[in-house]
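Fold and geometry: a report
Each chain, written out:
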Amino acid sequence: MIEVDFTLPESALTVQQGVGDICSRYDMDYWQRCEADKRWPEEVWAELAKGGWLGLAVPEEYGGGGQGLLELAVATETLAASGAAGGSAFTYVLTPGFGALTLARHGSAEQRAALLPGLATGEIETCFALTEPDAGSNSLAITTSARRDGDDYVINGQKIWITGVQRATWMMLVTRTIPAAEAKPRTNGMTVFLVNVPEAVAAGQLSFRPIPKMGANTTPSNMVFLDDLRVPASSVVGQIDQGALVLWDILNPERILLAASALGGAEVALRVGVSYAKEREVFGRPIGANQAIAFPLAQVKAKIELARLMLYKAAWSFDRQLPCGTEANIAKLTASQAAWEAADAAFQTHGGMAYSLEYPVARLLTDARIGKIAPVTEELLLNHLATQVLGLPRSF
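Residues numbered from 1 in each chain as written. Predicted model: local features only at pLDDT ≥ 70, side-chain atom pairs only at ≥ 80, totals over all residues. Heavy atoms only, no water.

Turning our attention to the packing of aromatic side chains. In the structure shown here, the tally under the stated rule is seven aromatic pairs. Look at Tyr-26 and Tyr-30: their rings are 4.8 Å apart centre to centre, the planes differ by 55°, and that puts the pair in the tilted class. Ring geometry for Tyr-153 versus Phe-193: centroids 5.2 Å apart, planes at 55°, classification tilted. Of this pair, Tyr-153 sits in strand 3 (residues 152-163) while Phe-193 sits in strand 5 (residues 190-196), and the two are 40 residues apart along the sequence. Among the residues examined, Tyr-153 registers a relative accessible area of 8% and is labelled buried. (Phe/Tyr/Trp six-rings, centres within 6.5 Å; stacked < 30°, edge-to-face > 60°. Helix = DSSP H or I, 4+ residues; strand = E, 2+ residues; numbered from the N terminus. Buried < 20%, exposed > 50% of the residue type's maximum accessible area, 1.4 Å probe, protein only.)

Below you can see the structure in the form of structure tokens.
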């Protein structure tokens, strides 16, 4: 007999409570100010670090919680749902996701010993550099090159939309050690390096330029330039030329954590929309009494609950080292759609007042829109389902 248990484990419930307690001390106005001032939520970050909620995925022997992606997803969702919304994703994606989760699974003994304790406390922060101006979503077509030179590798290239470089101590940098045109198969010849960002900047080998953005301004995104960047061979994460194996274990958690953030953002937008629908009276009754207002909000609630099931399944599968690519894609797709529909419904519910920055609706709408294009477009997620799951013919 097959038993299916839909309750969260005690570890995840503890995370939900602990992160929720911290978030309860920061209201919607706090997050509005962080976005308006374009500043990192330092106070929340400090409390999450002090409580040990940033080191959830760090093994216990390095001072962490010894937990997994499910707990990180619950933490991300809880933070987003508190009022931070979709822009909060980077709090858990950049360092606990890109850094701790990746090194716990793929780092060398020396890398784990050197970095995981600091990642557990938040003293060390990380960012991830994959996307390039000419490659976009075609990650296998990146051209940033790394060539061996004695005990070092010399790296040249450009990256775009790299978030959090300003705060990062270390960058997870994806390169080509075999050009894409020569790699057989195309996934071969990719290598992931750990780059000490402050040292590289001081040496003039790494520079960056912030990209003005319409939203998610609590964390800057940047163009990154790599000019004869020298890194020791010991900084390779995983194996030379086999970086695709590491990359999948970065991209799937990224999609899952961004899905969790979108789901939390959907909860915020739904809460804001429902609250306004109960309070706002027109023609002698609350506008929420009108089915034209109530039904879109009810639809959003149904879609949030459906997306949450796939989100938790995807994270659960990753933690057990089961295939989770399809689950991660479906979670990202459905959660992002729920977030957009929730923000749109909240916007429509507020009517003209949605344009007033006294309300959080504009921020929620902007944050929700990100999920339909980043870190992978909705169309590519659907293409994966069409070709890899349904077996339909490829268009290219």
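The next thing to look at is helix 9 (residues 291-319). With 29 residues, helix 9 should reach 42 Å at 1.5 Å per residue; the first-to-last C-alpha distance of 42 Å fits that figure. One or two residues past the end of helix 9 sits Gln-321, with phi positive at roughly 55°. (Expected span 1.5 Å × (residues − 1).)

Turning next to the pairing of strand 1 (residues 126-129). Along strand 1, one buried face is formed by Thr-126 and Phe-128 and the opposite face, lined by Cys-127 and Ala-129, is buried too. Relative to strand 4 (residues 170-176), strand 1 runs parallel, the two sharing four bridges. For Phe-128, the partnering residue across the bridge sits in strand 4 and is Met-172. (Pairing = 2+ DSSP bridges.)

Using the residue numbers shown here, the UniProt feature "domain: Acyl-CoA dehydrogenase/oxidase C-terminal" (unreviewed entry) corresponds to residues 242-389. The span residues 242-389 shows a helical share of 77% and a strand share of 3%, and its end C-alpha atoms are spaced 25 Å apart. (UniProt positions renumbered as here; feature names shortened; annotations may be inferred.)

By secondary structure assignment, the location of Glu-125 is in the loop between helix 6 (109-121) and strand 1. Classification of Glu-125 as buried rests on a relative accessible area of 10%. Side chain to side chain, Glu-125 and Arg-167 meet in a polar contact 2.8 Å long. Ignoring sequence-local partners within four residues, the contact set of Glu-125 consists of Trp-45, Thr-95, Arg-167, Ala-168, Thr-169 and Trp-170. (Polar contact = N/O pair within 3.5 Å; in protein donor to acceptor, adjacent residues only side chain to side chain. Contact = heavy atoms within 4.5 Å.)

The biggest cluster of nonpolar side chains holds 102 residues, and the ones touching the most others in it are Val-19, Tyr-92, Phe-128 and Leu-311. With 18 residues, the single largest contributor to this core is helix 8 (residues 243-279). Once residues within four sequence positions are removed from consideration, Val-19 is found in contact with Leu-48, Trp-53, Ala-75, Thr-78, Leu-79 and Tyr-92. Cys-127, Val-195, Leu-226 and Leu-229 belong to the second largest nonpolar core, which has 20 residues in total. (Core = buried A, V, L, I, M, F, W, Y, C linked by side-chain atoms within 4.5 Å.)

Helix-helix packing is characterised by the crossing angle of the two axes and by the distance between the axes. Two elements in contact, helix 4 (residues 69-84) and helix 8, have axes separated by 7 Å at closest approach and are oriented at 30°. As far as their axial angle goes, helix 8 and helix 4 are roughly parallel. Classified by chirality, the crossing of helix 8 by helix 4 is right-handed. Contacts from Leu-69, Leu-72, Ala-73, Thr-76, Glu-77, Ala-80, Ala-81, Ser-82 and Gly-83 of helix 4 reach helix 8 at Pro-253, Ile-256, Leu-257, Ala-260, Ser-261, Leu-263, Gly-264, Gly-265, Glu-267, Val-268 and Arg-271. (Axes fitted to C-alpha atoms, helices over the stretch in contact; angles between N-to-C directions. Parallel < 35°, antiparallel > 145°, perpendicular 65-115°, else oblique. Left-handed = near helix turned anticlockwise from the far one by under 90°.)

Here we take up unusual backbone geometry. Of the consecutive residues Lys-184 and Pro-185, the connecting peptide bond is found in the cis state with omega at -10°. Relative to the helices and strands, Pro-185 is located in the loop between strand 4 and strand 5. If you check the backbone angles, Ala-85 has positive phi at about 65° while not being a glycine. Structurally, Ala-85 is set in the loop between helix 4 and helix 5 (89-106). Unusually for a residue other than glycine, Asp-228 sits at a positive phi of about 50°. Along the chain, the position of Asp-228 falls in strand 7 (residues 221-232). Overall, the relative accessible area of 46% leaves Asp-228 in the partly exposed class.

Taken from the UniProt record, the annotation "domain: Acyl-CoA oxidase/dehydrogenase middle" (unreviewed entry) applies to residues 127-228. In this annotation, residues 127-228 is assigned 6% helix and 46% strand; the end-to-end C-alpha distance for the span is 20 Å.

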